[in-house]
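Chain and residue survey
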Amino acid sequence: MLRQIAIVSGKGGTGKTTLSASFSYLTRERVMADCDVDAPNLHIILKPEVKNAHKYIGSKKAILDQSKCVKCGICQQVCRFDAISFDDDKYFIKEYACEGCNACVMKCPTKALKLIDSLSGEYYLSETQKGPMAHALLQPGEETTGGLIAEVRKEAVRVAREKDIPIVVIDGAPGIGCPATSSVTSANYVVIVAEPTMSGLHDLKRIVQTVEHFRIPMGIVINKYNINEFQTNKIEKYCEDRSLEILGKIPYDATVKTATEQAKSIMFYECPASHEIRKIWNKIENKVMKR
Ligand code: SF4
Ligand code: SF4
């Protein structure tokens, strides 16, 4: 049976990708899915070689046929997104601002406007040293959509089923919005990475609520726990009160920075952080594979 493990955090920069890349090296067989399509950096460590690329059409944009335009200005009046300008004696669409709402198309008296598909990004199936990886790239100026993340997840699951690979490891989108929820919806287990900072507990609470909503089992990892033991204690107390399991506490370790600078996984180094991550993975694997 295929298991999907998602690694998420209430906000970016908590060490989520370091942990995801480490799990990638610790599994015997896995498919990786980089669902952090807004700021993907898993590829820096895993160095995927693209095998298949697919275009992702996530939105529509208006285009204007100048030859049919009688310059009545109605389109500009109805556009709530300020996406239509008048300059040099003609109306034109500001592509980056157009939300494809269709209001201008409906109101144009001469049918000079129409909506066309807009390329929002591409998603890929690639090969890495440790197995397949699904990932994506947004077009410049495009916002992350749950749709593109869903395609990455689906591609990872499809190839796992095809090759009979038992685990999909998902590096989820940070936060609690649509990208984050799209990263976890079909997961069997969620690992939440928290950091002991002033906002760390607040971010943790928000993402815990999101995961609870989907009724997915979860465990917490506190990263760099010893940089602020006071905040770490507060996170531990919160987890204890809510019966949330702490899977492990990773110490601050300068080797993580060295590994990042060398674009390598921390699992290539013998150090306190890699030892703790190994223990965490063993716990997760035991839990998830037993279900
Ligand atoms: S509503 Fe149509 S005709 Fe009028 S300015 Fe806009 S594009 Fe031109
Ligand atoms: S489709 Fe909507 S957002 Fe785009 S230009 Fe027309 S009215 Fe504005």
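Residues numbered from 1 in each chain as written. Chains lettered and ligands numbered in written order. Predicted model: local features only at pLDDT ≥ 70, side-chain atom pairs only at ≥ 80, totals over all residues.

**A closer look at the site of ligand 1**
The condition that has to hold: The rule is simple: place the C-beta atom from the backbone, and if it lies within 6 Å of a molecule or strand, the residue is near it. Here the nonpolar group is Ala, Val, Leu, Ile, Met, Phe, Trp, Tyr, Cys and Pro; Asp, Glu, Lys and Arg are the charged ones; every other residue, Gly included, is treated as polar.
Lining the immediate surroundings of ligand 1 are 14 residues, of which Cys-69, Cys-72, Cys-75, Cys-108 and Ala-112 lie closest. Its residues placed into classes, the shell around ligand 1 shows eleven nonpolar, two polar and one charged.

**Some remarks on the site of ligand 2**
Close contacts around ligand 2 come from 14 residues, with Ala-62, Cys-79, Cys-98, Cys-101 and Cys-104 the closest. Residue composition of the shell around ligand 2, grouped by class: eleven nonpolar, two polar and one charged.

**A few points about helix α7 (residues 200-213)**
Just so we agree on the cut-off: Only DSSP runs of H or I reaching four residues or more are called helices, and only runs of E reaching two or more are called strands; each is numbered from the N terminus. Any helix carries an expected span of 1.5 Å times its number of residues minus one. For every residue, the other C-beta atoms within 10 Å of its own C-beta are counted; 20 or more classify it as buried, 12 or fewer as exposed, and values in between as partly exposed. C-beta atoms are placed from the backbone.
Over its 14 residues, α7 extends 20 Å from the first C-alpha to the last, a length consistent with the 20 Å expected when each residue adds 1.5 Å. Within the span of α7, buried status applies to Gly-200, Leu-201, Asp-203, Leu-204, Ile-207, Val-208, Thr-210 and Val-211. Arg-215 sits one or two positions beyond α7 and adopts a positive phi of about 55°.

**Some words on the pairing of strand β4 (residues 84-87)**
For the record, the criterion: Two strands are said to pair when DSSP picks up at least two bridges between them.
Taken together, the four bridges between β4 and strand β5 (residues 90-93) define a ladder with antiparallel strand orientation. When the sheet's bridge partners are listed, Ser-85 is paired in β5 with Phe-92. The loop that links β4 with its antiparallel partner β5 comprises two residues; one of these, Asp-88, has a positive phi angle of about 55°.

**Notes on the domain arrangement of the protein chain**
Applied cut-off: For the domain bounds, the source is a domain assignment made automatically or taken from a database.
When its domains are assigned, the protein chain resolves into domain 1 (3-47 + 129-290) and domain 2 (58-119). A straight line from the C-alpha centre of domain 1 to that of domain 2 covers 42 Å.

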